[in-house]
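What follows is the residue order along each chain.
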Amino acid sequence: VDGIEEALKAAGGPSPVRVEGSEEREWVLMDYGAFVVHVFHHEQRDFYQLERLWTDRPRLEWAPAERREA
C-alpha cells in the first residue's frame, strides 16, 4: 500500500481520496476518485474473486507519465 502511494506520487499521480482497511491490512481499498486499487492477502483475493465481477469491463493498462526534469 505504501509502495503504491509512493509510486503514484513519484509519477505525478493523485493522492488517494480515501483509504479503507489499512489497520487490518488484509484487504485495503485505495480510492483515487477516477480509479480504485485493491490490495489483498492471498486468502481474501481467492475468496472474493473480484476479477469475476469485472469480466464484462475492458481492461486498461496503466503506465506512468515520463518524468520531467526541472
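All values derive from a computational prediction rather than experimental measurement.

Conventions and cut-offs
Residues numbered from 1 in each chain as written. Predicted model: local features only at pLDDT ≥ 70, side-chain atom pairs only at ≥ 80, totals over all residues. Heavy atoms only, no water. Phe/Tyr/Trp six-rings, centres within 6.5 Å; stacked < 30°, edge-to-face > 60°. Helix = DSSP H or I, 4+ residues; strand = E, 2+ residues; numbered from the N terminus. Buried < 20%, exposed > 50% of the residue type's maximum accessible area, 1.4 Å probe, protein only. Pairing = 2+ DSSP bridges. Axes fitted to C-alpha atoms, helices over the stretch in contact; angles between N-to-C directions. Salt bridge = Lys/Arg side-chain N within 4 Å of Asp/Glu carboxyl O.

**Brief notes about the packing of aromatic side chains**
Piece 1. As enumerated under the stated definition, the model contains 4 aromatic pairs in all.
Piece 2. Consider the rings of Trp27 and Phe40, whose centres lie 4.8 Å apart with planes at 35 degrees: the pair is tilted. You can see Trp27 sitting in strand β2 (residues 27-31) and its partner Phe40 sitting in strand β3 (residues 36-40), a full 13 residues away along the chain.
Piece 3. On the accessibility criterion, Trp27 (29% relative accessible area) is partly exposed.

**Considering the sheet that holds strand β1 (residues 18-20)**
Piece 1. The 3 strands lie next to each other as β1-β2-β3, forming an open sheet whose pairing is antiparallel. The open sheet has two edge strands, β1 and β3, and neither has a second partner. Between one strand axis and the next, the sheet turns through 10 degrees on average, direction left out of account.
Piece 2. As paired strands, β2 and β3 are joined by 5 bridges and run antiparallel to one another. Bridge pairing in β3 links Met30 to Val37.

**As for the pattern of salt bridges**
Piece 1. Applying the stated criterion to the full structure yields 2 salt bridges.
Piece 2. Notably, a salt bridge pairs Glu20 with Arg18, separated by 3.1 Å at the nearest N-O pair.
Piece 3. Here Glu20 falls in the partly exposed class, since its relative accessible area comes to 37%.
Piece 4. Residue classification places Arg18 among the exposed positions, given a relative accessible area of 51%.
Piece 5. Here Glu51 ties to Arg45 by a salt bridge, and the two come within 2.3 Å at their closest N and O atoms.
Piece 6. A relative accessible area of 41% places Arg45 in the partly exposed class.

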